[in-house]
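Each chain, letter by letter, is given below.
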Amino acid sequence: MTREPAEPLRLDYLIKAWAIHSMTGRTYRSVGLRGAEVVAVSAEPDGLDDLAGGGTAVVDAGDLTLLPAFADSHEHLKEASANMLLVPVDKARSVAEFTGMVADAARHAGPGGWVLTSMGWHESNLAENRLPTLAELDAAAPDHPVLARRGGHLAVTNSAALRTAGVGAGTPDPPGGGIGRLADGSPTGVLEGGAVYQVAAFAPPPDRVELATALGTGSAAYAALGVGTIREAMINLDELLAYQDARDRGLLAVRVRPMIRVGNELSAEQAIALIRGLGARSGLGDDWLRIWGLKFVMDGGVEGGALEQPYADDPAQSGHLNWDVTAMTRVCTEGVRRGWRIGTHAAGDRAVRTLLEVYEGVVAQTGDLPPWTLVIEHALLSDPAQRERAVRGGFGVTVQHALLWNMGSEMLLTWGPDRTRRVNPLDQWLAAGASLAAGTDMARPFNPMTNVWGMATRGTKSAGIQGPEHAIDVAAALRLYTQGTADMLGEAHRLGSITPGKLADLVAYPLDPLAADPADLASLTPVFTIVGGRPSYDRDKRLTR
Ligand SMILES: [Zn+2]
């Protein structure tokens, strides 16, 4: 804090709390905010009283514990927000409800208009515990193309959508994707990986103004759960414009650090041309919206993830790789030379090993790179040798317990119990000395405290406790979710802790997560969230000035 002697500093907010965990090892009792920043902290509740003036809001939070707001290292805020504009099949609890919503949307769509559903659904939430079929979607919407994306790597469609996209029995599988087929080769309507994009390319994108508005609503839902920053894990350039609109209109309730998609449907030449055409590099932007880097996808998700050993439920399958090592090394080297950070989705252990080859190839050409220049996204499965290579190469890893939480049952079926237990072994990564940043990848607002509870217990939604030996303690989980992400963003000097000079991004809870039983964290939600010195969420109007 620099204080001009003539003009005494006056706080905008003086918050007195039960505990203020700075995440630097110190715990305080009061914190002073001015403008967008933390300007003072004190170990005494009354230690900053002399900085309060007539315009200072003094917040009595003696019953609350403050933490730095969560920084999610990998989440799809754009998808979560765009979902609000789409058919909300995530609310359906049976196939009939699902197809009923589709039929209703088709009735309200113009002739031949697309019916697009939210991505945040999963068949495990339907009574039948299966995907809607092509015949069911055809019956619901005979004349409108239907695309129901489920998460980032799978979709179901109807015949009108397949027709519009020109997908039939004779269509070959696209690179990095699969068209589900019956014995005679005709499509089942299930699309995986690149095949999702092949069909989605024919659907109209959301209107930019509408999307910007939705980003405001979507980001507020995350702030209400204690999130202050989201690394946006995949957008295109039109969507970047929508983010700029949202930022300019003052709609963003959280900070956003986007990654720009470099699609695996591109040849190496096309990908290099795309990167050259960006005319920018990592770091462009301001505290609210700053471009993090480029995004590549190496394999699929639980379905389609590239594994070293065959799938448990299909010994003929071990997933797919989307990129050729030589081509991707060329593209990434060009990206890094032009000042880009790169994050690559690699779910399976074969994808992780292949990505390590790519990243090592890049470093061989560029020389040593700053930490977090090359990032492995997810690494759901990895072996000790891969973890050691990642650490030696300086490749950070974003980890999402929420994926195991959400899809544990599916992993048990597809990957088997042994591999499911070993998903994201945070204890092993930390013991190996890895740089980790925690996040969710849920494409819907998800309580970070549920994720912290999961990291500390290995608990899941419907697959019980998986691999309890890989749990880490609550303090370590909170560090990965605040300072870990701040490090990855290259913004540790501004984000991830509560000390003077940091951005005023804080979240307040009615119990102290560091003192509580981890079991009590699973559904703990904030009382308020402050981002950039402004209330982003204020459940009980505690921040009213
Ligand atoms: Zn993702």
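Residues numbered from 1 in each chain as written. Predicted model: local features only at pLDDT ≥ 70, side-chain atom pairs only at ≥ 80, totals over all residues. Heavy atoms only, no water.

Student: Run through the overall build of the protein, naming residues and quoting values.
Tutor: Helix and strand counts for the protein stand at 16 helices and 21 strands. For the protein, whose C-alpha radius of gyration is 24 Å, the value lies close to the compact-globule estimate of 24 Å for 545 residues. Split into buried and exposed, the 545 residues of the protein put 59% on the buried side. The contacts of the protein with a sequence gap of at least 6 include a subset with a gap of at least 24, amounting to 73%. (Helix = DSSP H or I, 4+ residues; strand = E, 2+ residues; numbered from the N terminus. Rg over C-alpha atoms; globule rule 2.2 N^0.38 Å. Buried < 20%, exposed > 50% of the residue type's maximum accessible area, 1.4 Å probe, protein only. Contact = heavy atoms within 4.5 Å.)

Student: Would you mind going over the environment of G189 in detail, with residue names and values included?
Tutor: Among the structural elements, G189 can be located in strand β10 (residues 187-193). Separated by 216 residues in sequence, G189 and W405 have C-alpha atoms that sit 27 Å apart. Leaving out residues up to four positions away in the same chain, G189 has contacts with L134, A155, V156, T157, L162 and G180.

Student: Any details on the pairing of strand β11 (residues 227-232)? Residues and values, ideally.
Tutor: Among the six residues that make up β11, six are buried, leaving the element largely enclosed by the rest of the structure. Strand direction decides the pairing type here: strand β5 (residues 70-75) and β11, joined by four bridges, are parallel. Residue pairing for β11: A71 is matched across the bridge by T229. Of the pairings in the sheet, the one linking β11 to strand β12 (residues 255-256) comprises two bridges and is parallel in character. Across the sheet, the residue bridging to I230 is V256, located in β12. Following the backbone out of β11, through helix α7 (residues 237-248) and into the adjacent parallel β12, one traces a crossover that is right-handed. (Pairing = 2+ DSSP bridges. Right-handed = clockwise from strand over helix to strand, strands pointing away.)

Student: Just give me the short version of the nonpolar core, but keep the residues and values in it.
Tutor: By size, the foremost hydrophobic cluster in this structure holds 87 residues, and its most contacted members are L294, F296, I376, M449 and V452. The element best represented in this core is helix α10 (residues 349-366), accounting for eight residues. Excluding residues that lie within four positions of it along the chain, L294 makes contacts with M259, I260, V262, I275, L278, G335, W340, R341, I342 and G343. I15, Y28, L33 and A61 belong to the second largest nonpolar core, which has 22 residues in total. (Core = buried A, V, L, I, M, F, W, Y, C linked by side-chain atoms within 4.5 Å.)

Student: Can you break down the coordination of the zinc ion residue by residue, with the values?
Tutor: Bound to the zinc ion on the protein side are H74 (NE2), H76 (NE2) and D441 (OD), at distances that span 2.1 to 2.2 Å. Within one chain, the residues donating to the zinc ion are spaced in sequence as H-x1-H-x364-D. Of this pair, H76 sits in the loop between β5 and α1 (77-83) while D441 sits in the loop between β18 (436-438) and α15 (448-457), and the two are 365 residues apart along the sequence. Like D441, H76 is buried. (Donors = N, O, S within 2.8 Å, 3.2 Å for Na, K, Ca; no water.)

Student: Can you tell me about the sheet that holds strand β13 (residues 259-261), naming the residues and giving the values?
Tutor: Taken in spatial order, the six strands of this open sheet run β13-β14-β15-β16-β17-β18, and their pairing is parallel. This sheet does not close on itself; its edge strands, each paired only once, are β13 and β18. Across this sheet, the average inter-strand angle for adjacent strands is 30°, counted without regard to direction. Here three bridges tie β13 to strand β14 (residues 293-297), and the two strands are oriented parallel to one another. (Axes fitted to C-alpha atoms, helices over the stretch in contact; angles between N-to-C directions.)

Student: Report on empty space enclosed by the protein, specifying residues and quantitative values.
Tutor: In this approach the atoms are scanned with a rolling probe the size of a water molecule, which exposes any empty space left behind. This structure, assessed with the given rule, holds one cavity of 30 Å³ or more. The calculated volume of the largest cavity comes to roughly 60 Å³. Among the elements of the structure, β5 and β11 are those that each provide at least two residues to the lining of the largest cavity. Of the residues in the lining of the largest cavity, the class split is six nonpolar, four polar and one charged. (1 Å grid on protein atoms, 1.4 Å probe; cavity = no way out; pocket = protein on both sides within 12 Å on 5 of 7 lines; lining within 4 Å. Points joined across faces, edges and corners; volume = space filled by probe spheres on them. Nonpolar A, V, L, I, M, F, W, Y, C, P; charged D, E, K, R; others polar.)

Student: Talk me through the packing of aromatic side chains; I want residue IDs and the actual numbers.
Tutor: As enumerated under the stated definition, the model contains five aromatic pairs in all. Seen from their ring centres, F296 and W323 are 5.4 Å apart, and the 55° between their planes marks the pair as tilted. Residue F296 is found in strand β14, and its partner W323 is found in the loop between β14 and α9 (325-337); the two are separated by 27 residues along the sequence. Grouping residues by exposure puts F296 and W323 together as buried. With centroids separated by 4.9 Å and ring planes inclined at 65°, the aromatic side chains of W405 and F446 adopt a geometry described as edge-to-face. (Phe/Tyr/Trp six-rings, centres within 6.5 Å; stacked < 30°, edge-to-face > 60°.)

Student: An account of the pattern of salt bridges is requested, with residue identities and associated values reported.
Tutor: Counted under the stated rule, the structure contains 32 salt bridges. A salt bridge links E79 to K78; the shortest N-O distance between them is 3.1 Å. Assessed through its relative accessible area of 12%, E79 is described here as buried. A salt bridge links D540 to R539; the shortest N-O distance between them is 3.1 Å. With a relative accessible area of 39%, D540 lands in the partly exposed category. On the basis of relative accessible area, R539 is assigned to the partly exposed category, the value being 41%. A single network of salt bridges, built from pairs that share partners, joins E37, R257, D287, R290, E491 and R494. (Salt bridge = Lys/Arg side-chain N within 4 Å of Asp/Glu carboxyl O.)

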